[in-house]
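Remarks on the overall topology
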Amino acid sequence: MPRDKSLNSVLVLGSGPIIIGQAAEFDYAGSQACQALREEGLRVILINSNPATIMTDADMADRTYIEPLNVEFAARVIEKERPDGLLATLGGQTGLNLATQLAEAGILEKYGVRLLGTPLEAIRKAEDREEFRNLMKQIGEPVPESWIVTDESQLSDPASAGIWPLIVRPAYTLGGTGGGIAYNRDELYEIAHRGLALSMRRQVMIERYLKGWKEIEYEVMRDANDTAITVCNMENFDPMGVHTGDSIVTAPSQTLTDREYQMLRTASLKIIRSLGIEGGCNVQLSLDPKSFRYYIIEVNPRVSRSSALASKATGYPIARVAAKIAIGMRLDEIENAVTRKTLACFEPALDYCVVKIPRWPFDKFVGADRRITTQMKATGEVMAIDRTFEGALMKAIRSLENGIIGLSNKTAHLLSDIEIEEALRVPADERLWAITEAFRRGMAVEEVHALSDIDPWFLNKLRHLVDIEMRLKSNGTALVRLASDEKSDDLTASHPLAVRLLREAKFAGFPDVTLATISGVPELKLRSLRNRLGIVPVYKQVDTCSAEFEAATPYFYSCYDLEDER
Amino acid sequence: MRALLVFQDGSYYVGESLGAIGRSQGEIVFNTGMTGYQEILSDPSYAGQIVNLTYPLIGNYGINDDDIESRRIQVSGLVVHHCEEIPSNWRCGYSLQDYLAKNNIVAIKGVDTRAITRHVRQKGVMLATITSDETVDEALARLSKMPAYETADFTQVVTTPEPYLWNLNTSAPAPYDHKSGRTAARRIALLDCGVKYNILRSLAKYDCETVVFPCTASHSEILACKPDGIMLSPGPGDPANLHPIVETVKHLVGQKPILGVCLGNQILGAAFGSKTFKLRFGHRGSNHPVKDLNTGKVYITSQNHGYALDPDGLKDGMEVAHINLNDGTVEGLRHKELPIISIQYHPEASPGPTDSAYFFGEFMGLIDQGG
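Quick notes on the overall build of chain B
Tallying secondary structure elements over chain B gives 10 helices and 20 strands in all. For 371 residues, the compact-globule estimate of 2.2 N^0.38 gives 21 Å, and chain B sits close to it at 20 Å. Taken over 371 residues, chain B has a buried fraction of 64%. Contacts in chain B between residues at least 24 apart in sequence constitute 74% of all its contacts with a sequence separation of at least 6. A total accessible area of about 12,800 Å² is found for chain B, and carbon and sulfur atoms account for 50% of it. Charge-centre separation for chain B: the mean point of 32 positive side chains lies 2 Å from the mean point of 40 negative side chains.

Here it is as structure tokens:
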């Protein structure tokens, strides 16, 4: 179906101020949406209370109101501008709440404004815990077993369920005080007793604790014709227990077989269909690392931080496509904006590895608790692309701009072995560098895995990096000799080992400055040496299709490989 | 050890030897799937081909005993950017490199697989060789003497030598006994041009037992097992070489409901007057959008084919039912009166999305309507 011709103007709700736990993703999404709607010839009216955004730039909308995002002001804008439709699913929770209030106050009905995109009902179904659990049961998708307990007599149900360990969370206490993990019946009664006493409303929630399970995400899209696709899947480096916004994440997944990948993809598409979402949606799943068992953890029924990440990781503009779906277009009527030849109705194929690392504000909140758990603390994130995981990770670390440029932070080397073990066990912002330090001290991948539950695949990559670092150290003099060799016209022949090591280190993403520090060769000298050896980066395209089709508007990333596509 | 990937057009890539040491040759193709290398390796439709995988990190989850799609590795050679030496997955039994070496597959790693893909996209598929003991010129000289991919009939190589039976209890082919009674609600006769086990597993889930026949079986041999439906399997090679099979199929038309998949779709098209043409670089991957012209619905499909049907020649009631949204080529046929349906992509997935599994159900519908 082409776009709905009864629509001439659309009111877009922005997301207001940027707050902790919500980065600039809604500005990104809203800007894309404004452009996408105007591309289809619609008049776009925008309300956003935050003037420090891209979407409020003069050329983004036909009319921009920098006004409070509340019913009173929105009603006045609607009365004045008389939009045909309202798009609220790209402005985060603020936009959604306002749309709900406008609907409830009868304003949308009064002025004949249609709510576009995912129906509010679908959003409520996804966000209400009980309704969501019921829907999952109906469609046969597993959710973790859980119980709400208000009295000790009710503990017999979870105690006899035979699912250990269980996580006990008292309701309405600050920071989850009084909760804990129960590995047996006695512990459950003890923790729950304490939790009930501490909870202001005498209520605890008990849930299966998926310790060590993989956390996997799918970004999916659906149009009104029920065509549904996956834009991208992602695997969290940190297993369950760390909020995905606080986790290091790779795209695509790295350790899933095709069977596992497709099993979770099928579940995600089933969910977006059952909710009736028209647009984008993020599904978080938890997969047992030792079987095909999985659980649905959460669904975000709209454009989110994860979808902004997935958009940049794949070249697939989720918000743009979601906006077009909202005005009635089908996925197979929307152009792939990167290839300009194919359609938005396909699934991006990546031929590179993406790594995201969260950026926490602990440099500004010096006394804050740096442990990361289920409540997001990051205020931003960096994303890097390379042909290898190591390369992408090393680029991402540098992009954090937190003073760390490689495999060492400022503190891990000062920790005792016992403190290192604790740093591996308890996730905190700088766990990555505790892992590299553990490998430096000779810990085995199996030991680090046992403490952290991080998949050995990721750990082996980190160990590979530490191995290179150690070889660079022990071969420092060979590298110095190589760099000082001004006479040889065939450096590879006269210094084969040193050249091979330098090449391996650059392919694995070691920055020149780190190489200089480790090897003792000055940075500038190292760079000219690389140029002499031809160890220089090339640039490859992010084209959504792994080069299967020519791309009209790709973007580029650097890597160490053969062909330069600039 | 240093290895070379040499193309027929003289271009070459230097990498490292992976798997067995030696030489392998075939038509070079690329697959854009991000998972599923084990299924790809054992897919008979890749017989005679060297597969270049576009995803750069291959071997991450190793190889297991279950996700194998036929009785052996079928590709001629494999090209990867990086091969993971320490795989991680609960079902992993071996590393990819050990598996390749054990099965004597000559592969190459450490090459720019994206550059190779771009080259194939621009120049089209062609013969290539992986070699570790020749110069580029020696390899080129050898390639120039190789018969063209189109001249070989690979279905003869990959088909089963003897008929076998597959039902819900099967994990590997068991000999077919003509006298044995039925073990499932429906019996399917499958003409094996290079079947993937997941087709047989999928049929079993629909309460079917499948008698798998060599592709040389005659129509009377096939009908003698008293099937409720007939399936034409996927397979390798140029469909234009398969006149005898097309003739067999012409005799089966009208006898029983027929389902064609991939090569089976092309054979059915040929039986109804159409011809095939070679695609420049084929469709190989897990993300191809296909539109059902009847419902307007779009499915993301798993594909592996180098030829497409020319819709112009279709006659005797056969019509195009599905098209590819990327290039508009024919992706499925449907007969206006007879219970005959076919698709060019893979309802059995493995690897790839399972969106089209419903197609087996449609076939069951045709069977249960009494043909």
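Next comes the rest of the write-up.
Topic: the layout of surface pockets
By volume, the second largest pocket is sized at about 1,700 Å³. Looking at the second largest pocket, it is lined by 43 residues, and the ones nearest its centre are A:R503, A:E504, A:F507, B:E16 and B:G110. Where the lining of the second largest pocket is concerned, the elements lending two or more residues are α16 (456-474) and α19 (496-507) of chain A together with β2 (12-19) and β7 (82-83) of chain B. Looking at the lining of the second largest pocket element by element, the count peaks at 8 residues for α19(A). By residue class, the composition of the lining of the second largest pocket is 17 nonpolar, 10 polar and 16 charged.

Re the confidence of the model for chain B
Averaged over all residues, the pLDDT of chain B equals 96, while 100% of them reach at least 70. Interface confidence for the predicted complex, expressed as ipTM, amounts to 0.97; the pTM equals 0.95.

With respect to the interface of chain B and chain A
Listed by partner, the interface residues are 50 residues for chain B and 56 residues for chain A. When chain B packs against chain A, the two sides together hide about 4,400 Å² of surface, and 49% of this comes from carbon and sulfur. Remark: the boundary between chain B and chain A carries 31 residue pairs in polar contact (both at pLDDT 80 or more). Contributing elements (two or more residues each) for the side of chain B that touches chain A: α3 (113-123), β16 (275-292) and β17 (298-310) of chain B.

Quick look at the nonpolar core
The biggest cluster of nonpolar side chains holds 180 residues, and the ones touching the most others in it are A:L87, A:I296, A:Y316, A:I357, A:F510, B:L5 and B:I28. It is α16(A) that contributes the most residues to this core, 8 residues altogether. Excluding anything up to four places from it in sequence, A:Y316 contacts A:M221, A:I229, A:V231, A:S311, A:V321, A:L331, A:A344, A:F346, A:P348 and A:T544. Membership of the second largest hydrophobic core comes to 30 residues, among which are B:L165, B:I222, B:L232 and B:F272.

Overview of the sheet that holds β2(B)
Residue and element names in this part refer to chain B. With respect to topology, 7 strands assemble into a closed barrel ordered β1-β2-β8-β6-β4-β3-β9, the strand pairing being mixed. Neighbour-to-neighbour, the strand axes of this sheet turn through a mean angle of 35 degrees, independent of strand direction. Relative to strand β4 (residues 49-53), strand β3 (residues 23-31) runs parallel, the two sharing 5 bridges. Note on β4: the bridge partner recorded for N31 is L53. Docked against the sheet, α3 engages β1 (2-7), β2, β3, β4, β6 (77-79) and β9 (126-131), running at close to 80 degrees with respect to β3.

Description of the environment of B:E39
Here B:E39 is to be found in helix α1 (residues 37-41). With 31 residues separating them along the chain, B:E39 and B:S70 place their C-alpha atoms 8.8 Å apart. In this structure B:E39 touches A:D258, B:D67, B:E69, B:S350 and B:P351, once residues within four positions along its chain are discounted.

Focus on the pattern of salt bridges
When the charged atoms of two side chains with opposite charge come close together, those side chains can pair. Under the counting rule described, the total for this entry stands at 69 salt bridges over all chains. Among the ionic contacts, a cluster of salt bridges with common partners joins A:D351, A:R387, A:K540, A:D543, A:D561, A:E563, A:E565, B:D112, B:R114 and B:R118.

Observations regarding the packing of aromatic side chains
Residues and elements named next belong to chain B. Counted according to the given criterion, the structure contains 19 aromatic pairs over all chains. Each ring, one from Y37 and one from Y61, has its centre 4.4 Å from the other, and the planes form 25 degrees; the classification is stacked. With Y37 in helix α1 and Y61 in the loop between β5 (57-58) and β6, the pair connects residues that are 24 residues apart, well separated along the chain. Residue Y37 shares its accessibility class with Y61, and that shared class is buried.

So, the pairing of strand β8 (residues 106-109) of chain B
Residues and elements named next belong to chain B. Alternating positions in β8 separate into two faces, V106 and I108 on one and A107 and K109 on the other, with burial throughout. Strand direction decides the pairing type here: β2 and β8, joined by 4 bridges, are antiparallel. Note that in β8 the partner of S17 across the bridge is I108. Both β6 and β8 contribute to a ladder of 3 bridges, which runs parallel. Of the residues in β8, the one forming a bridge with V79 is I108.

Remarks on the sheet that holds strand β9 (residues 204-208) of chain A
Residues and elements named next belong to chain A. Taken together, 4 strands build an open sheet; the order of strands is β6-β9-β7-β8 and the sheet is antiparallel. The open sheet has two edge strands, β6 (146-149) and β8 (180-182), and neither has a second partner. Direction aside, the axes of adjacent strands within the sheet are offset by 25 degrees on average. By the bridge criterion, 4 bridges tie β6 to β9 in an arrangement that is antiparallel. Following the sheet pairing, I148 is matched in β9 by M205.

Each value, and the rule that gives it
- Residues numbered from 1 in each chain as written.
- Chains lettered and ligands numbered in written order.
- Predicted model: local features only at pLDDT ≥ 70, side-chain atom pairs only at ≥ 80, totals over all residues.
- Heavy atoms only, no water.
- Helix = DSSP H or I, 4+ residues; strand = E, 2+ residues; numbered from the N terminus.
- Rg over C-alpha atoms; globule rule 2.2 N^0.38 Å.
- Buried < 20%, exposed > 50% of the residue type's maximum accessible area, 1.4 Å probe, protein only.
- Contact = heavy atoms within 4.5 Å.
- Areas by Shrake-Rupley, 256 points an atom, 1.4 Å probe, with all protein chains shown as cover.
- Lys, Arg positive; Asp, Glu negative; His and termini not counted.
- Charge placed at Lys NZ, Arg CZ, Asp CG, Glu CD.
- 1 Å grid on protein atoms, 1.4 Å probe; cavity = no way out; pocket = protein on both sides within 12 Å on 5 of 7 lines; lining within 4 Å.
- Points joined across faces, edges and corners; volume = space filled by probe spheres on them.
- Nonpolar A, V, L, I, M, F, W, Y, C, P; charged D, E, K, R; others polar.
- pLDDT = per-residue confidence, 0-100.
- Buried area = accessible area lost by both parts, 1.4 Å probe.
- Polar contact = N/O pair within 3.5 Å; in protein donor to acceptor, adjacent residues only side chain to side chain.
- Core = buried A, V, L, I, M, F, W, Y, C linked by side-chain atoms within 4.5 Å.
- Pairing = 2+ DSSP bridges.
- Axes fitted to C-alpha atoms, helices over the stretch in contact; angles between N-to-C directions.
- Salt bridge = Lys/Arg side-chain N within 4 Å of Asp/Glu carboxyl O.
- Phe/Tyr/Trp six-rings, centres within 6.5 Å; stacked < 30°, edge-to-face > 60°.

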